[in-house]
Amino acid sequence: MSSTPHHCSPDALPHLHGGIQDVYSGESCDLVYRAKAQILNNAMQEIGMGKYQWYLFFVAGFGRFADGLWLNTPRLIYSPVSWEFLSPGIWMYLAQGIGLLIGSVFWGVGSDVWGRRWSFNFTLLITGTFALAAAGSSDYNSLCMFMALWSIGVGGNLPVGSAVLLEYFPPSHQYLLTVLSIWWAVGQLIGALVAWLLIGHYSCTITAGTCLSSLNKGWRYYLFTMGGVTLVMWILRFFVFNLQESPKFLMSRGRDEEAIAAVHRVAAFNGKISNLTIEHLEEAEKLFGSVQGQAHTSRVKLLFGTRKLAYSTCILVALWALIGLAFPLYNDVVTLIRMREVGFGQIDFYTTYRNDIISSAISVPGGLMAGYLVELPILGRRSTLSIFTALTGFFIFASATAGTSNSYLAWDCVCSYSSTVMYGVLNALTPELFPTRTRGAGSAIVAAANHICGLITLIITIDTSTSIQIWLPGGIFVIAGLTASLLPFEPRGKASL
């Protein structure tokens, strides 16, 4: 078949659109791939938001739940682990960052190679298994090793889960990917509640001269409990829910008949009949050529296939990198320094986890608000992301005025809420701006930028006596907000490819 042109007008596409505009409308594209993707979008819109999609929303939510839970775990177990092993807890963050970096790249790129299904099914298994192993750690080095290993599983949840949802949801319901962030907040909340019950009651006291392992089992109980919960979620995801391979992924690999069969299985599950046939996809090939023409093109190269797409990819990488610099600086390091600087002192476990529970509970509605705002014509994805990223920075600035533990908690709550909206939009908009054939690789690249910058931040500030002003992470968030406003595409009301 003839190769497809790199430059084309969307007007060249016939009635295959079915009235659904895609996110790249008006931009150069691979015509045959775009035509086939829009045919599949029409098929999913015809099926609608049925049982299969709602079940998928919940099992994909398990991944976001695990993200919120395990990303917050080093902070929850920081003090009792440091006391027991007489080691600086900051090394746990480094181990976590390395694991997240490896996991995001491996599972993200891998999902573009061998498919979404297996990556989606095994990330939770890896996370839960190594979390249970970490609970039995005999020394600090073992704990850090297991933390890095479970983080490899956690790192794959975001790129794979987002791709699966986008490729199965009808275009009219893509905004629910933003609402999925509510699972993240719930994961943080449940983690804080369990930590309060277990770590708060089964840990060495602050005044104890020596912290024996037999008197400090709270953090181990926590890892056993939450590791078990993660494995239960994996069992539900793997054995109870039968995830079909993504039709768009199958199509992008030239497996059109399998893509058609997957669509029909989903329609049958929803009690509907799809009119999609192999002839529809063959018609696109007759008009524009074969989708296999770029099958072996580098996935990274495809992310920069046109000037506008290259610009979009660069802005996304810069945005994720800036947030990767700012968030650990504030959340994992600056918080500890500020507590010492303003004289909060050493507060007990009850107060520590009470504050975590309050700020986590406040952030839960942020996912719902994000889903509402991104559908407003006056805002959309891009403006909502820009505003709430900058707001997070301004709230961090304001936290510098805190003079008591309670006033700092108040600012932490509003910062937690705004950052939940920010992450909800960011985690949804990013995969929306990548086509299916490079969605995993694109998500892996931006996540890698985020984790590399996070590691750089931790290495620079590994000596927590270093003087870091509160304006630094706040200023980076504000710059990130301005960067988000430069994105060239607005996905609201459009179908992802």
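Preceding block: the structure.
As the structure is a prediction and not an experimental result, all values here were calculated from the model.

Asks: Describe helix H17 (residues 405-432), listing the residues and the values that go with them.
Replies: When the terminal C-alpha atoms of H17 are compared, their 40 Å separation across 28 residues agrees well with the 40 Å that a helix rising 1.5 Å per residue should span. Burial of H17 is extensive: 20 of the 28 residues sit out of reach of the surface.

Asks: With reference to specific residues and values, describe the packing of helix H1 (residues 31-47) against helix H10 (residues 256-269).
Replies: At a minimum axis separation of 10 Å, H1 and H10 run at an interaxial angle of 15 degrees. When the interaxial angle is binned, H1 and H10 end up roughly parallel. When the axes of H1 and H10 are compared, the crossing they make is right-handed. Residues Lys 36, Leu 40, Ala 43, Met 44 and Ile 47 of H1 form the contact with H10, whose own contacting residues are Asp 256, Val 263 and Ala 267. Residues belonging to the contact of H1 with H10 are distributed by class as follows: six nonpolar, no polar and two charged.

Asks: A description of the packing of aromatic side chains should follow, citing residues and the corresponding values.
Replies: The tally for this structure, following the rule as stated, stands at 25 aromatic pairs. Relative to Phe 477, the ring of Phe 327 has its centre 6.4 Å away and its plane inclined at 90 degrees; by these criteria the two rings are edge-to-face. Taken as a pair, Phe 327 in helix H13 (residues 307-341) and Phe 477 in helix H19 (residues 471-484) lie far apart in primary sequence, 150 residues in all. Aromatic ring contacts, followed pair by pair, group Tyr 52, Tyr 55, Tyr 168, Phe 241 and Phe 269 into a single cluster. Over the face of the ring belonging to Phe 269 we find Lys 51, whose NZ or CZ atom lies 5.2 Å from the ring centre.

Asks: Hey, could you go over the packing of helix H2 (residues 51-85) against helix H8 (residues 218-240) for me, with residue numbers and the actual values?
Replies: For any two helices packed against each other, the geometry is given by the interaxial angle and the distance between the axes. Orientation of H2 relative to H8, taken along the N-to-C sense of each, is 165 degrees, at an axis distance of 10 Å. Taken together, the axes of H2 and H8 are roughly antiparallel relative to one another. As H2 runs across H8, the sense of the crossing is left-handed. Considered class by class, the residues forming the contact of H2 with H8 number 18 nonpolar, four polar and three charged.

Asks: Explain the side chain of Ser 274 to me, and be specific about the residues and the numbers.
Replies: Within the element layout of this structure, Ser 274 appears in the loop between H10 and helix H11 (278-288). Of the polar contacts made by the side chain of Ser 274, one reaches the backbone nitrogen of Leu 276; its length is 3.2 Å. Ignoring sequence-local partners within four residues, the contact set of Ser 274 consists of Ala 43, Glu 46, Val 263, His 264 and Ala 267.

Asks: Hey, could you go over the environment of Ile 445 for me, with residue numbers and the actual values?
Replies: Within the secondary structure layout, Ile 445 lies in helix H18 (residues 436-460). With relative accessibility at 27%, the residue Ile 445 sits in the partly exposed group. When the C-alpha atoms of Ile 445 and Leu 316 are compared, they prove to be 9.4 Å apart, with 129 residues separating the residues in sequence.

Asks: Can you tell me about the pattern of salt bridges, naming the residues and giving the values?
Replies: Considering all chains together, one arrives at nine salt bridges under this definition. The partner of Arg 116 in a salt bridge is Glu 167, and the shortest N-O contact between them spans 2.8 Å. Of this pair, Arg 116 sits in helix H4 (residues 116-135) while Glu 167 sits in helix H5 (residues 140-168), and the two are 51 residues apart along the sequence. Among the residues examined, Arg 116 registers a relative accessible area of 1% and is labelled buried. For Glu 167, a relative accessible area of 2% corresponds to the buried category. In this structure, Glu 375 engages Arg 381 in a salt bridge whose closest nitrogen and oxygen atoms are separated by 2.6 Å. A relative accessible area of 30% places Glu 375 in the partly exposed class. One salt-bridge network, held together by shared partners, links Asp 112, Arg 116, Glu 167 and Arg 439.

About the cut-offs
Residues numbered from 1 in each chain as written. Predicted model: local features only at pLDDT ≥ 70, side-chain atom pairs only at ≥ 80, totals over all residues. Heavy atoms only, no water. Helix = DSSP H or I, 4+ residues; strand = E, 2+ residues; numbered from the N terminus. Expected span 1.5 Å × (residues − 1). Buried < 20%, exposed > 50% of the residue type's maximum accessible area, 1.4 Å probe, protein only. Axes fitted to C-alpha atoms, helices over the stretch in contact; angles between N-to-C directions. Parallel < 35°, antiparallel > 145°, perpendicular 65-115°, else oblique. Left-handed = near helix turned anticlockwise from the far one by under 90°. Contact = heavy atoms within 4.5 Å. Nonpolar A, V, L, I, M, F, W, Y, C, P; charged D, E, K, R; others polar. Phe/Tyr/Trp six-rings, centres within 6.5 Å; stacked < 30°, edge-to-face > 60°. Lys NZ or Arg CZ within 6 Å of the ring centre and 35° of its normal. Polar contact = N/O pair within 3.5 Å; in protein donor to acceptor, adjacent residues only side chain to side chain. Salt bridge = Lys/Arg side-chain N within 4 Å of Asp/Glu carboxyl O.

Taken by themselves, the reported measurements are silent on function.
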